[in-house]
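Coordinate inspection notes
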Amino acid sequence: MKTVKLVDLAKTIRSKNAGVDKITFDIIFREKEDYELVKNSGVISKENIAKLYGIDESRISDFVAFDPACAIKFTIYRTRPSGSPGNGDIFGGRPKVCRKAGGLRALQVCGRKAGFADRPGAV
Amino acid sequence: MECASFCAEPYGGKETVIGTITDEDVKVTAMHPEQRCTVASVAGHAMYERANPFYEFVPGGMLDMTDCKYEQIDEKTTRITGPKFVPAQEIRVKLEGAGKVGERYIGIAGIRDPYTIQNVDQVIQWAKEQVKERFGDAGYRLYYHVFGKNGVMGDLEPIKEIRSHELCVVVEGVAPDKKTAEEITMIGTRQIFYARLPEVKGTAGSAAFLVEEVLPASPAYVWTVNHTVPVDDPMELFPTYLTEAGV
């Protein structure tokens, strides 16, 4: 099976705070066919995301394929609110994923870290 | 527009975008000569910093965008139609608030010794025990951020086996007063240096310190309120005043 890295298919891979207690992940594709390919492959699923991060599926609050944006989006609950003592990523901007067909492979994909205020809908 | 030209492409961040709202539609137009609001850029922004692109809760109801249609109507403008407003039973206003947890100090320790790196979890456990001996179990918080291992992602880090030849341990100590916070952080950091593990060959010195002291940091706060409250009048929590400004 041909293996493709998610970073080679997606235009944008980002994570950000969504409110005080969630981190949301957006995987946005430039080409509709790439989006459909990944969406239909089922590789990015609630189950695989939970497996990748070693979390229970119940920690994933939302999981949607968003056709108008050619994007797959999922959101996880933080174990404690953003900015709490002991929290290592106030903006939720770091955890990214990378996909390989036939299995999820964890990678830190380079992404822009926006230095915005720590609140929903910032700027 | 919220977030300015984040809903346009190519990415800019601070350029102007005009939104036009009518009873029939919303049009979003990029003003910068080099930018366009496209179906992809506008729909993409509908997801930004939100748990779900389909529902937006506001006082008095929810905007359901599940069936929204995005169309390119000219080079720089995207038109959105089809959102449905679902009124709520009562008007609720969002409340957010934070409370002080305590004073905070930060300690920084570098580790280069391969054995200490391999056993960093036990080293940290040892250091925690030393703090516990002196201050007990409760009344303070002590966190270890191990950069080079999982300092950024914490429990979400999928890479469990590390090959780092150096680690940076940031020790975060929080207590009701500055003196205790400093002491806790100091012991929690220093004891990385003295950790007694079975195969440690040296006497002391399995860590390197950037500074001899620990550093005062901003006080620690935590979100305490993230709720909605019902109101009779939507404006009752938002008093408005008219005044005349001198020219």
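Predicted model, so just to flag it, every value in this text is computed and none were measured.

1. With respect to the nonpolar core
Core analysis: the biggest nonpolar cluster contains 26 residues, and I111, L142, Y144, L167, V169 and I192 of chain B have the highest contact counts within it. Elements with a minimum of two residues in this core: β8 (91-111), α3 (120-135), β9 (141-147), β10 (167-175) and α4 (178-194) of chain B. Counting residues per element, this core draws most heavily on α3 of chain B, which supplies 5 residues. Non-local contacts of I192 of chain B, meaning those with residues more than four positions away in its chain, are made with A109, I111, V123, A127, Y144, V169, V171, S206 and A207 of chain B. In this structure, Y53, I72 and I76 of chain A together with M153 of chain B belong to the second largest nonpolar core, which totals 24 residues.

2. Here we look at the environment of S5 of chain B
Residue and element names in this part refer to chain B. Residue placement: S5 occurs in the segment before β1 (17-21). Considered as a pair, S5 and A30 are 25 residues apart in the sequence and their alpha carbons are 7.1 Å apart. When sequence neighbours within four positions are dropped, the list of residues in contact with S5 reads G12, G13, K14, E15, V17 and Q35. Polar contacts involving the side chain of S5 include one to the side chain of E15, which spans 2.6 Å.

3. Quick look at the layout of surface pockets
Residue and element names in this part refer to chain B. Approximately 1600 Å³ is the volume attributed to the largest pocket. Among the elements of the structure, β1, β2 (26-30), α1 (39-45), β3 (55-58), β4 (61-64), β8 and β12 (215-231) are those that each provide at least two residues to the lining of the largest pocket. Looking at side-chain class alone, the lining of the largest pocket contains 28 nonpolar, 9 polar and 11 charged residues.

4. Concerning unusual backbone geometry
Here the amide bond leading from E9 of chain B into P10 of chain B is cis, since omega sits at -5°, within 30 degrees of zero. Within the secondary structure, P10 of chain B sits in the segment before β1. Here C70 of chain A, not a glycine, exhibits a phi torsion of approximately 50°, which is positive. For C70 of chain A, a relative accessible area of 11% corresponds to the buried category.

5. Structural notes on the pairing of β1 of chain B
Residue and element names in this part refer to chain B. Judged from the 5 bridges that link them, β1 and β2 form a sheet pairing that is antiparallel. For T20, the partnering residue across the bridge sits in β2 and is K27. The antiparallel hairpin formed by β1 and β2 contains 4 residues in its connecting segment.

6. Quick look at the sheet that holds β4 of chain B
Residue and element names in this part refer to chain B. Read from one edge of the open sheet, 3 strands run β3-β4-β7, paired in antiparallel fashion. Only two strands of the sheet have a single partner each, and these edge strands are β3 and β7 (84-87). Strand-to-strand twist of the sheet, defined as the mean angle between neighbouring strand axes without regard to direction, takes the value 20°.

7. Here's the deal with the domain arrangement of chain B
Domain annotation of chain B identifies domain 1 (4-89) and domain 2 (99-224). The gap between the C-alpha centroids of domain 1 of chain B and domain 2 of chain B is 45 Å.

8. A look at the pattern of salt bridges
One pass over the full model with this rule turns up 21 salt bridges over all chains. For E49 of chain B, the salt bridge is made with K16 of chain A, and the minimal N-O distance between the two is 2.8 Å. Of this pair, E49 of chain B sits in the loop between α1 and β3 while K16 of chain A sits in strand β1 (residues 10-17), placing the two residues on different chains. Each member of the pair E49 of chain B and K16 of chain A is classed as buried. When salt bridges that share partners are traced, they join D25, K27, E71 and R79 of chain B into one network.

9. Here we look at the sheet that holds β1 of chain B
All names here are of chain B. What the 4 strands build is an open sheet, ordered β1-β2-β6-β5; its pairing is antiparallel. At either end of the open sheet lies a strand with only one pairing partner, and these are β1 and β5 (69-74). Here the strands of the sheet are splayed against their neighbours by 20° on average, with no regard to which way each runs.

10. Some remarks on α4 of chain B
All names here are of chain B. In this model α4 runs 24 Å from its N-terminal to its C-terminal C-alpha over 17 residues, within 8% of the 24 Å that 1.5 Å per residue would give. Looking only at α4, the buried set comprises T180, A181, I184, T185, I187, G188, T189, Q191 and I192. On its buried face, α4 is in contact with β8, α3, β9, β10 and β11 (208-209). Regarding α4, its N-cap is D177, as a side-chain oxygen of that residue lies 3.2 Å from the backbone nitrogen of K179 further along.

11. Some details on the confidence of the model for chain B
Parts of the model with low pLDDT should not have their predicted coordinates read in detail. Residues and elements named next belong to chain B. Model confidence for chain B is summarised by a mean pLDDT of 92, while 97% of its residues fall at 70 or above. Mean pLDDT across the secondary structure elements of chain B bottoms out at β11, with 87, and peaks at β10, with 97. Taken over the whole predicted complex, pTM reads 0.79, whereas the ipTM for its chain interfaces reads 0.79.

12. Structural notes on the pairing of β3 of chain B
Every regular strand shows the same layout, with side chains that alternate between the two sheet faces. Pairing between β3 of chain B and β4 of chain B: 4 bridges, direction antiparallel. Bridging from a neighbouring strand, V58 of chain B pairs with G61 of chain B of β4 of chain B.

Reading the values: the criteria
Residues numbered from 1 in each chain as written. Chains lettered and ligands numbered in written order. Predicted model: local features only at pLDDT ≥ 70, side-chain atom pairs only at ≥ 80, totals over all residues. Heavy atoms only, no water. Core = buried A, V, L, I, M, F, W, Y, C linked by side-chain atoms within 4.5 Å. Buried < 20%, exposed > 50% of the residue type's maximum accessible area, 1.4 Å probe, protein only. Helix = DSSP H or I, 4+ residues; strand = E, 2+ residues; numbered from the N terminus. Contact = heavy atoms within 4.5 Å. Polar contact = N/O pair within 3.5 Å; in protein donor to acceptor, adjacent residues only side chain to side chain. 1 Å grid on protein atoms, 1.4 Å probe; cavity = no way out; pocket = protein on both sides within 12 Å on 5 of 7 lines; lining within 4 Å. Points joined across faces, edges and corners; volume = space filled by probe spheres on them. Nonpolar A, V, L, I, M, F, W, Y, C, P; charged D, E, K, R; others polar. Pairing = 2+ DSSP bridges. Axes fitted to C-alpha atoms, helices over the stretch in contact; angles between N-to-C directions. Domains from an automatic or database assignment. Salt bridge = Lys/Arg side-chain N within 4 Å of Asp/Glu carboxyl O. Expected span 1.5 Å × (residues − 1). pLDDT = per-residue confidence, 0-100.

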